[in-house]
Amino acid sequence: MQPLLDVSGVTLRYKTPSVLVTATERVSFEVNTSDRFVLLGPSGCGKSTLLKAVGGYLHPSEGEIRIKGRKVTEPGADRMMVFQEFDQLLPWKTVLDNVMFPLLNARKMGRSEARDRAAAYIEKVGLTRAMNSYPHTLSGGMKQRVAIARGMAMEPDILLMDEPFAALDALTRRTCQDELLQLWEETRFTVMFVTHSIAEAIKIGNRILLLSPHPGRVKAEVVDVEHASPTDGSAGRLEREIHELLFAQDGHGE
Ligand SMILES: Nc1ncnc2c1ncn2[C@@H]1O[C@H](COP(=O)(O)OP(=O)(O)OP(=O)(O)O)[C@@H](O)[C@H]1O
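What you see is a predicted model; the values in this text were computed from it and never measured. (Residues numbered from 1 in each chain as written. Predicted model: local features only at pLDDT ≥ 70, side-chain atom pairs only at ≥ 80, totals over all residues. Heavy atoms only, no water.)

## Re the pattern of salt bridges
Then, in step 1: With the rule as written, the count across this model stands at 15 salt bridges.
Then, in step 2: For Glu179, the salt bridge is made with Arg145, and the minimal N-O distance between the two is 2.6 Å. Residue Glu179 is located in helix H5 (residues 170-187), and its partner Arg145 is located in helix H4 (residues 140-153); the two are separated by 34 residues in the primary sequence.
Then, in step 3: Arg145 gets classed as buried once you look at its relative accessible area, which sits at 15%.
Then, in step 4: Of the charged contacts, one joins Arg173 and Glu200 as a salt bridge, the two residues approaching to 3.1 Å between their closest N and O atoms. Placement of Arg173 in helix H5 and of Glu200 in helix H6 (residues 198-204) is noted, with a sequence separation of 27 residues between them. Of the two residues, Arg173 and Glu200, both sit in the buried class.
Then, in step 5: Three or more residues joined by partner-sharing salt bridges are found here, namely Asp35, Arg207 and Glu221. (Salt bridge = Lys/Arg side-chain N within 4 Å of Asp/Glu carboxyl O. Helix = DSSP H or I, 4+ residues; strand = E, 2+ residues; numbered from the N terminus. Buried < 20%, exposed > 50% of the residue type's maximum accessible area, 1.4 Å probe, protein only.)

So, in structure tokens, the structure goes:
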């Protein structure tokens, strides 16, 4: 069966005037429909870079990325991104208008269809009462929920999330994680989620790809993560195992 997303031998580099930075080296993985696929690794290992390349914002210097068999060459409505920053919403538009914006512009929907679709997703993230509010009146957690509703309303093939809860306080972060899982139970969307928190990776993912420090290479993939439970201690054991895998020496002096 063809995977939804096929990342094959992907090397990503940044050229600056003085240096060539290799962010990831020959990274390969496949994401299947309804996966909650987590990219986990230390700061600077190229997680965001990989996500941006899947989004079509960066081009591999080696290897290729395919979605439903089509080569990714540019951004598209089939891959929506949710970022860490709270300022990803348009400040002069209400919550409803923010969620409607890409539906009208990228999906070319009529206003009433876009409004109904946007309202349905705003309800899914529990923000119906804030539908006519402007972003500056919302908390960080609420802004992230709007960004998630906006991405999901487009019904993309894959939702790309770059540490979406990292800037939230611990309690709100936990609530947002729970809500994301609840949304997933309802709609079984495919999500690729970047984090450097092992606990968050275990909570969110059903599969976790572990990347080595700079430049990021695949260290291991952990599957069946959802069977790790916080109540019987298996999540804690998995967390320790992942920590060892991530920080194990691999003979290259890392
Ligand atoms: N625009 C850029 N120009 C040059 N180098 C960059 C650029 N963006 C990222 N890098 C470099 O590429 C490498 C990977 O960065 P990236 O942001 O993808 O890592 P990350 O794993 O997402 O880190 P973090 O968890 O800290 O966000 C780093 O060495 C970084 O310094």
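Read on for the rest.
## Observations regarding the sheet that holds strand E1 (residues 5-15)
Strand pairing in a sheet is mediated by backbone hydrogen bonds. Such pairs are either parallel or antiparallel.
Then, in step 1: If you trace the four strands from one edge of the open sheet to the other, you get E2-E1-E4-E5, paired in antiparallel fashion. Pairing within the sheet leaves two strands with one partner each, and these edge strands are strand E2 (20-31) and strand E5 (70-71).
Then, in step 2: Of the pairings in the sheet, the one linking E1 to strand E4 (residues 62-67) comprises five bridges and is antiparallel in character. Residue pairing in the sheet places Leu5 in a bridge with Ile67 of E4.
Then, in step 3: Sitting on the sheet, helix H1 (residues 47-55) touches E1, E2 and E4, and the angle it makes with E1 is about 115 degrees. (Pairing = 2+ DSSP bridges. Contact = heavy atoms within 4.5 Å. Axes fitted to C-alpha atoms, helices over the stretch in contact; angles between N-to-C directions.)

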